[in-house]
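Listed below are the residues making up each chain.
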Number of protein chains: 2
Amino acid sequence: MSTFRSRRDQFDLPEGITYLDGNSLGPLPKAAVERGRRTMADEWGPMLITGWNKAKWMELPGRLGDRIGTLIGAPAGSTMVGDTLSIKVYQAVASAVEMRPDRKIVLSDNGNFPSDLYMADGLLKSLGKGHELKVVDPEAVADNITEEVAAVMLTHVDYRTGRIHDMKAITDKAHAVGALMIWDLAHSAGALPVDLAGCKADIAVGCTYKYLNGGPGAPGFIHVRPDLIDQVRPALSGWLGHQAPFAFDLDYRPGEGISRMRVGTPPVIQMAVLDAALDAFDGVDMNDIRARSIELSERFISEVEAGCKDVELASPRDPNGRGSQVSFRFHEGYAAMQALIARGIIGDFRAPDIMRFGFCPLYNTPDEVSHAAAALCEIIATGEWDRPGFKARKAVT
Amino acid sequence: MSTFRSRRDQFDLPEGITYLDGNSLGPLPKAAVERGRRTMADEWGPMLITGWNKAKWMELPGRLGDRIGTLIGAPAGSTMVGDTLSIKVYQAVASAVEMRPDRKIVLSDNGNFPSDLYMADGLLKSLGKGHELKVVDPEAVADNITEEVAAVMLTHVDYRTGRIHDMKAITDKAHAVGALMIWDLAHSAGALPVDLAGCKADIAVGCTYKYLNGGPGAPGFIHVRPDLIDQVRPALSGWLGHQAPFAFDLDYRPGEGISRMRVGTPPVIQMAVLDAALDAFDGVDMNDIRARSIELSERFISEVEAGCKDVELASPRDPNGRGSQVSFRFHEGYAAMQALIARGIIGDFRAPDIMRFGFCPLYNTPDEVSHAAAALCEIIATGEWDRPGFKARKAVT
């Protein structure tokens, strides 16, 4: 566990705050500030336009993609960083439906992050070819994977409850009927081991501002299975995905491999900061992350349940079935979360009644978990939010 | 002109460099480094997730949009910053063709930036409804605006030659036949006065890393005419364009006005840097910028032509017909540009034979222009790139 103690030192965590919301926005890695400064003052300033080559800005999207690839079981050269997760979802679904032109269903579930559903729906409406975005309960996904399905699009770890879909089983089921499988790893990348190659997932997307600590608005990423990428015609066919961006041809020709999933000019400063943030994962085994994550979440559940009878566990009880977060339902969940935040314990709330706590082994400690559990029990026992003098902070988004 | 002398002091320009490539990447504003640091160390670090509200990160896209709006003649609340220019082009064309379902032509010209053509082509291929991206010579655009045209999509200032399209005349022509007009302001915003409202342009897009000095990979922007925005169904329907992003509804409902053109989580650090960069425009009249720009480019043309007979002006000779750049054709243009760069004078080269020089009144001076003109004439007179000991630098992208 000394590994994790030294990792915590790499983050600039504010005094007196117990941060259990890294699944919304990871904290500031100390190295990020200096790296951002350097990118501006030592690269952009003196190098000007030549920074694209001299400082290798142009290589950032692929290099960062490969760094993330090592955390999600993707081979080198199959992951590209850029844009936002929503845009990457669009690329994924657009590619998939075009590869299965005779099928009209994109299957998802109502545990998916809404933006994924919105982006898919927006695309299918644009196409106007009679596609249906079929949204079922998470438990009903497998039974709805039929030969009419072009693509199954799921978020691996549910953003509200932490429930994990069985990536291998569902991917196999999709493949058995000839459908393509798209995984959103927003709450998986950096949080638990993922084996994209082993599961033969077709396309995966994710963001980098949660467990990867890339900062507010850090870019998204997309992975496409190497033996599939040559069949992908990029719907978002931007110049940096062109085979020869600086030839300035009038006609688009998709670039080699995953490079075709690049679109416009990459956000260099934001990517440099992400690059520094990823250093915190150097030399860490995702299996150790997972073991520690389970230790933390098990401790939280048992201490909360021992000290408080009014909450209901909204996450799967089996640690193997949940990601690196724990959610409790409580009818006054919003108010209770405000009271926690007023005490410096930051989790978040998701309507209608879910209190959500994220655990990140890189910086969260068992002591923090116990502190948060005790505070939650005390707040609920006393109805602290109703006591005179309590002042709620503005809702955390 | 003292206005401009003080503006130059706001930029961190490297000693000994004459930078005439701000039309590719604007230089580092001194305030940007501190603003980037502050966003990380004083906001992200201590505020963590609460920065979205406390530091008003969530308001950045609209607030920056309004700041840019003042430079391009767009009313407040009609411009939104985000994503990349390529993505904004996609949003523009997707919106336009859907608003003109019975028309099958998107008209553009071969002077447009290739990525605009690629993005439109990629979209039309996805739609698969028989649309044609019709690409004609710039001079032939007006004659090709017919009642079959859904949208005319043009870059206002040609990236190679600086030739300006007549925004008012072409927009009027498009409207006369019921077509929508999309302008790309990549080489216009911050370079010359633009009057979107006066021209009744339907949609405009642009980038912020050229004349707006937002830094490598700074975000794009999109403007939609206020009386048109309610008709726009966003093709890229991301959660932050939703009417209530944090309600986490399963169904998409477009947000109020231009907010519906938001897609995913905005790149906060990059936007904060852009915010600092835009300060350089505070209190500057775009008409003064234009007058100074013409002074600089006229000086360059006359001094180069007086000292060198081997180059051919590729830009319009009438200053009212060109943007804030001057291009010369020269058969050894690539080599000559390398020789200029070796002397610390940075312009760029566009195939097959164009040497391109951008002039930015905020920091370029008449002395710099004369220095560059004299050097260019000398290099061409002596064939400096062929002389022993000359070592070309790597091509500037």
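Since the model is a prediction, treat every value here as computed from it, not as a measurement.

## Points about the overall build of chain A
Link 1 in the chain: Of regular secondary structure, chain A possesses twelve helices and 13 strands.
Link 2 in the chain: Here the C-alpha coordinates of chain A stretch approximately 70 × 55 × 35 Å along the principal axes.
Link 3 in the chain: Split into buried and exposed, the 397 residues of chain A put 67% on the buried side.
Link 4 in the chain: When contacts within chain A are restricted to residue pairs at least 6 apart in sequence, long-range pairs at least 24 apart make up 72% of them.

## Structural notes on the relation of the copies chain A and chain B
Link 1 in the chain: In screw terms, the move from chain A to chain B is a rotation of 180° and a rise of 0.0 Å along the axis, fitting with an RMSD of 0.0 Å. Put plainly, the chains are arranged around a two-fold axis. Closest approach to the rotation axis among the C-alpha atoms of chain A is made by L127 of chain A, whose C-alpha sits 2.5 Å away.
Link 2 in the chain: Here 100% of the contact residues of chain A are again contact residues in chain B; the copies associate through an equivalent surface.

## Observations regarding helix 11 (residues 333–342) of chain B
Residues and elements named next belong to chain B.
Link 1 in the chain: The buried count for helix 11 comes to eight of ten residues, which makes it a mostly enclosed element.
Link 2 in the chain: Among all positions of helix 11, only G333, A335, A336, M337, Q338, A339, L340 and I341 are buried.
Link 3 in the chain: Against the buried residues of helix 11 lie strand 11 (345–346), strand 12 (348–350), strand 13 (354–358) and helix 12 (366–382).
Link 4 in the chain: Where helix 11 terminates, the next one or two residues include G344, which has phi positive at roughly 85°.

## Focus: the interface of chain A and chain B
Link 1 in the chain: The interface of chain A with chain B comprises 83 residues on the first partner and 83 residues on the second.
Link 2 in the chain: Across the interface of chain A and chain B, roughly 6900 Å² is buried in total on both sides, 70% from carbon and sulfur atoms.
Link 3 in the chain: It is W44, I49 and Y118 of chain A in chain A that bury the most area against chain B; as a group they hold 12% of the surface buried on that side.
Link 4 in the chain: Remark: the boundary between chain A and chain B carries zero salt bridges.
Link 5 in the chain: Our enumeration of links across chain A and chain B arrives at 28 residue pairs in polar contact (both at pLDDT 80 or more).
Link 6 in the chain: Those elements that provide at least two residues to the side of chain A that touches chain B are helix 2 (30–47), helix 3 (51–54), helix 5 (85–99), helix 6 (114–127) and helix 9 (268–278) of chain A.
Link 7 in the chain: Residue contributions to the side of chain A that touches chain B peak at ten residues, all from helix 6 of chain A.
Link 8 in the chain: Across the side of chain A that touches chain B, the residue classes tally to 45 nonpolar, 24 polar and 14 charged.

## What about the nonpolar core?
The nonpolar side chains of a soluble globular protein tend to be buried, and buried together.
Link 1 in the chain: Grouped together as the largest cluster of nonpolar side chains are 225 residues, with contacts concentrated most on V152 of chain A together with V152 of chain B.
Link 2 in the chain: When sequence neighbours within four positions are dropped, the list of residues in contact with V152 of chain B reads L107, V141, I145, I170, A174, L180, M181 and I182 of chain B.

## A look at the packing of helix 2 (residues 30–47) of chain B against helix 9 (residues 268–278) of chain B
Describing two packed helices takes the angle between their axes plus the distance from one axis to the other.
Residues and elements named next belong to chain B.
Link 1 in the chain: In the contact formed by helix 2 and helix 9, the axes pass within 8 Å of each other and the chain directions differ by 140°. Between helix 2 and helix 9, the crossing angle belongs to the class labelled oblique. For the pair helix 2 and helix 9, the sense of crossing is right-handed. From helix 2, A31, A32, R35, G36, T39, M40 and W44 reach across to helix 9, where they touch V268, I269, A272, V273, D275 and A276.
Link 2 in the chain: Split into classes, the residues belonging to the contact of helix 2 with helix 9 amount to nine nonpolar, two polar and two charged.

## Observations regarding the packing of helix 5 (residues 85–99) of chain B against helix 6 (residues 114–127) of chain B
All names here are of chain B.
Link 1 in the chain: Across the interface, helix 5 lies against helix 6 with an axial gap of 9 Å and an inter-helix angle of 45°. Considered as vectors, helix 5 and helix 6 are oriented oblique to each other. Between helix 5 and helix 6 lies a crossing whose hand is right-handed. Only S115, D116, M119, A120, L123, L124 and L127 of helix 6 make contact with helix 5, whose side of the interface consists of S86, I87, V89, Y90, V93, A94 and V97.
Link 2 in the chain: Its residues placed into classes, the contact of helix 5 with helix 6 shows eleven nonpolar, two polar and one charged.

## So, the pattern of salt bridges
Link 1 in the chain: Evaluated as defined, the whole model comprises 52 salt bridges over all chains.
Link 2 in the chain: As a salt-bridge pair, R67 of chain A and D275 of chain A come within 2.7 Å of each other at their nearest N and O atoms. Highlighted residues: R67 of chain A in helix 4 (residues 60–72) and D275 of chain A in helix 9, separated in sequence by 208 residues. Accessibility assignment for this pair places R67 of chain A and D275 of chain A in one class, buried.
Link 3 in the chain: Its salt-bridge partner being R225 of chain B, residue D202 of chain B comes within 2.6 Å of it at the nearest N-O pair. Of this pair, D202 of chain B sits in the loop between helix 8 (196–199) and strand 7 (203–207) while R225 of chain B sits in the loop between strand 8 (220–224) and helix 9, and the two are 23 residues apart along the sequence.
Link 4 in the chain: Using a relative accessible area of 2% as the deciding quantity, one classes D202 of chain B as buried.

## Describing the layout of surface pockets
Link 1 in the chain: Looking at the largest pocket, its volume works out to about 270 Å³.
Link 2 in the chain: Lining the largest pocket are 20 residues, with N110, D158, R160, T161 and R329 of chain B positioned closest to its centre.

## Remarks on the domain arrangement of chain A
All names here are of chain A.
Link 1 in the chain: Looking at chain A, the domain boundaries give domain 1 (2–29 + 285–386) and domain 2 (56–281).
Link 2 in the chain: One C-alpha centre belongs to domain 1, the other to domain 2, and the line joining them spans 28 Å.
Link 3 in the chain: Of the residues lining the interface, 31 residues belong to domain 1; the matching set on domain 2 comes to 24 residues.
Link 4 in the chain: Together domain 1 and domain 2 conceal approximately 2100 Å² of surface at their shared face, both sides included; 61% is due to carbon and sulfur atoms.

## Focus on the sheet that holds strand 2 (residues 79–82) of chain B
Residue and element names in this part refer to chain B.
Link 1 in the chain: Judged by pairing direction, the sheet is mixed, and its seven strands sit side by side in the order 2-8-7-6-5-3-4 without closing on themselves. Pairing within the sheet leaves two strands with one partner each, and these edge strands are strand 2 and strand 4 (132–136). With direction set aside, neighbouring strand axes in the sheet form an average angle of 20°.
Link 2 in the chain: Note that strand 7 and strand 8 share five bridges and pair antiparallel. Note on strand 8: the bridge partner recorded for I203 is V224.
Link 3 in the chain: The sheet contacts of helix 5 involve strand 2, strand 3 (105–109), strand 5 (149–155), strand 6 (180–184), strand 7 and strand 8, and relative to strand 7 the element is tilted by about 170°.

## Remarks on the packing of aromatic side chains
Link 1 in the chain: Taken as a whole, this structure holds 31 aromatic pairs over all chains when the rule is applied.
Link 2 in the chain: Summarising the aromatic geometry, the rings of F330 of chain A and W385 of chain A are spaced 5.9 Å apart at their centres and angled 75° between planes, so their arrangement reads as edge-to-face. In this pair, F330 of chain A sits in the loop between strand 10 (325–329) and helix 11 (333–342) while W385 of chain A sits in the segment after helix 12 (366–382), placing the two residues 55 residues apart along the sequence.
Link 3 in the chain: Judged by relative accessible area, F330 of chain A falls into the buried class, the value being 4%.
Link 4 in the chain: An angle of 85° between the planes, with centres 5.3 Å apart, marks the rings of W52 of chain B and W57 of chain B as edge-to-face.
Link 5 in the chain: With relative accessibility at 1%, the residue W57 of chain B sits in the buried group.
Link 6 in the chain: Following the ring pairs from residue to residue traces out a cluster consisting of F113 and Y159 of chain A together with W239, F246 and F248 of chain B.

Conventions adopted
- Residues numbered from 1 in each chain as written.
- Chains lettered and ligands numbered in written order.
- Predicted model: local features only at pLDDT ≥ 70, side-chain atom pairs only at ≥ 80, totals over all residues.
- Heavy atoms only, no water.
- Helix = DSSP H or I, 4+ residues; strand = E, 2+ residues; numbered from the N terminus.
- Buried < 20%, exposed > 50% of the residue type's maximum accessible area, 1.4 Å probe, protein only.
- Contact = heavy atoms within 4.5 Å.
- Least-squares fit on C-alpha atoms with pLDDT ≥ 70 in both.
- Buried area = accessible area lost by both parts, 1.4 Å probe.
- Salt bridge = Lys/Arg side-chain N within 4 Å of Asp/Glu carboxyl O.
- Polar contact = N/O pair within 3.5 Å; in protein donor to acceptor, adjacent residues only side chain to side chain.
- Nonpolar A, V, L, I, M, F, W, Y, C, P; charged D, E, K, R; others polar.
- Core = buried A, V, L, I, M, F, W, Y, C linked by side-chain atoms within 4.5 Å.
- Axes fitted to C-alpha atoms, helices over the stretch in contact; angles between N-to-C directions.
- Parallel < 35°, antiparallel > 145°, perpendicular 65-115°, else oblique.
- Left-handed = near helix turned anticlockwise from the far one by under 90°.
- 1 Å grid on protein atoms, 1.4 Å probe; cavity = no way out; pocket = protein on both sides within 12 Å on 5 of 7 lines; lining within 4 Å.
- Points joined across faces, edges and corners; volume = space filled by probe spheres on them.
- Domains from an automatic or database assignment.
- Pairing = 2+ DSSP bridges.
- Phe/Tyr/Trp six-rings, centres within 6.5 Å; stacked < 30°, edge-to-face > 60°.

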